[in-house]
Amino acid sequence: MKKLKGKIAFVTGASSGFGEATALRLAKLGMNLIICARRIDRIKKLATEIKKKYKVKVLSLQLDVRKQKDVVKAVKSLPKDWRAIEVLINNAGLSRGLNKIQDGVLLDWEEMIDTNVKGLLYVSKEVIPLMLENGSGHIVNVGSIAGHEVYVAGNVYCASKHAVDALTKGMRMDLNGTPIKVSTVDPGLAETEFSIVRFRGDDKRAKTVYNGLIPLYADDVADAIEYIITRKDSVNIAEIIILPKCQASAAVVSRS
Ligand code: NDP
Ligand code: 8X3
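Residues numbered from 1 in each chain as written. Chains lettered and ligands numbered in written order. Predicted model: local features only at pLDDT ≥ 70, side-chain atom pairs only at ≥ 80, totals over all residues. Heavy atoms only, no water.

K.L.:
Quick question: what am I supposed to make of the site of ligand 2 here?
P.N.:
As a matter of local geometry, ligand 2 sits amid S144, I145, A146, Y151, Y157 and F194. Contact distances for ligand 2 include 2.5 Å between an oxygen atom and a side-chain N or O atom of S144. In the model, an oxygen atom of ligand 2 is placed 2.5 Å from a nitrogen or oxygen of the Y157 side chain. Alone, ligand 2 offers 240 Å² of accessible surface; in the complex the protein occludes 88% of this. Among the residues making up the shell around ligand 2, the classes are represented as 5 nonpolar, 1 polar and no charged. (Near = heavy atom within 4 Å. Polar contact = N/O pair within 3.5 Å; in protein donor to acceptor, adjacent residues only side chain to side chain. Areas by Shrake-Rupley, 256 points an atom, 1.4 Å probe, with all protein chains shown as cover. Nonpolar A, V, L, I, M, F, W, Y, C, P; charged D, E, K, R; others polar.)

This is the structure we're talking about:
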């Protein structure tokens, strides 16, 4: 098992869901963390909790991954002893709406593509040189079952996660022969704030997504991420598709 104690992890979208759960798991491994999201109040609260509980160092950043210049500035202004990033968790992402393509909302399409695809690229572009400089690194992209399958009205969200899948494969090829490993974790139905965000705060509608089933929870995904990054250096877990027991494919789900 790879020892990560004292090494640095950069987690995007750490204010909720998978990102928050992953930050907690990595801190438990003894990693020092750079955690970011737009909701800085939540990031700061998480940082305080982690520092108290795990006695590791935490750097809080307010960052919108869609803003390329802000991403450049945030990474360039990292203090010297925070630059040796060992693990990057490209997790920030979202879905907006569940409309058939003919009813699609342009702003929703742009937000998903800008966050899930371009945001992931912007962050990776800044962190990869640091990993190369440091001679070590592991990038874990958070994809989705929606990156392997398409479901009715999932159109642009599914396209964005198919793009994440392609980027993971492309990154792994391009970085082959360098010290950087690239992996993806691709979850199915997971109850986080994902559906609340997708339905713009309509809690009631969000709840119906998980009616009559036991979904994945954030820590289940964090567990898979921990497994990926703790393998010995010569082993790369390229991809984990993680589904709740009740789910057979994106649209085949049994409910009680
Ligand atoms: P949450 O809504 O709970 O968390 C999403 C996180 O992404 C938040 O921390 C949010 O922070 C952050 N985020 C969103 N937009 C931006 C932005 N522009 N800049 C920076 N951070 C941003 O959902 P999940 O934890 O479920 O989602 C995490 C990832 O997992 C996403 O990529 C999602 O697509 C993927 N996924 C989710 C599944 C599910 O069923 N839940 C299944 C498969 C994949 P803030 O709003 O504070 O910026
Ligand atoms: C989220 C999983 O199936 O709701 O990526 O799109 S799904």
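From this point, things continue past the structure.
K.L.:
So what exactly am I meant to see when it comes to the packing of aromatic side chains here?
P.N.:
The description of an aromatic ring pair rests on the distance of the ring centres and on the angle between the ring planes. With the rule as written, the count across this model stands at 1 aromatic pair. We note R198 situated over the ring of Y157; from NZ or CZ to the ring centre the distance is 5.4 Å. (Phe/Tyr/Trp six-rings, centres within 6.5 Å; stacked < 30°, edge-to-face > 60°. Lys NZ or Arg CZ within 6 Å of the ring centre and 35° of its normal.)

K.L.:
Honestly, the pattern of salt bridges in this entry has me stumped. Any pointers?
P.N.:
Where charged atoms from two side chains of opposite charge come close, those side chains can pair. Scanning the entire structure with this criterion turns up 16 salt bridges. In this structure, E111 engages R66 in a salt bridge whose closest nitrogen and oxygen atoms are separated by 4.0 Å. Here E111, found in helix 4 (residues 106-134), pairs with R66, found in the loop between strand 3 (58-62) and helix 3 (68-76); they are 45 residues apart in sequence, far enough to count as distant. Using a relative accessible area of 30% as the deciding quantity, one classes R66 as partly exposed. (Salt bridge = Lys/Arg side-chain N within 4 Å of Asp/Glu carboxyl O. Helix = DSSP H or I, 4+ residues; strand = E, 2+ residues; numbered from the N terminus. Buried < 20%, exposed > 50% of the residue type's maximum accessible area, 1.4 Å probe, protein only.)

K.L.:
It is not clear to me how the side chain of S124 should be interpreted in this structure. Could you clarify?
P.N.:
Counting through the fold element by element, S124 comes out in helix 4. Ignoring sequence-local partners within four residues, the contact set of S124 consists of L88, N90, P129 and M171. (Contact = heavy atoms within 4.5 Å.)

K.L.:
Explanation requested: helix 8 (residues 218-229) in the structure shown.
P.N.:
An α-helical turn contains 3.6 residues, so a residue and the one three or four places further along point in the same direction. Its 12 residues give helix 8 an end-to-end C-alpha distance of 17 Å, which sits within 8% of 16 Å, the value for a rise of 1.5 Å per residue. Among all positions of helix 8, only A218, V221, A222, A224, I225, E226, I228 and I229 are buried. Check the buried side of helix 8 and you find it contacts helix 1 (17-28), strand 4 (85-90), strand 5 (137-142), strand 6 (180-187), strand 8 (216-217) and strand 9 (239-242). (Expected span 1.5 Å × (residues − 1).)

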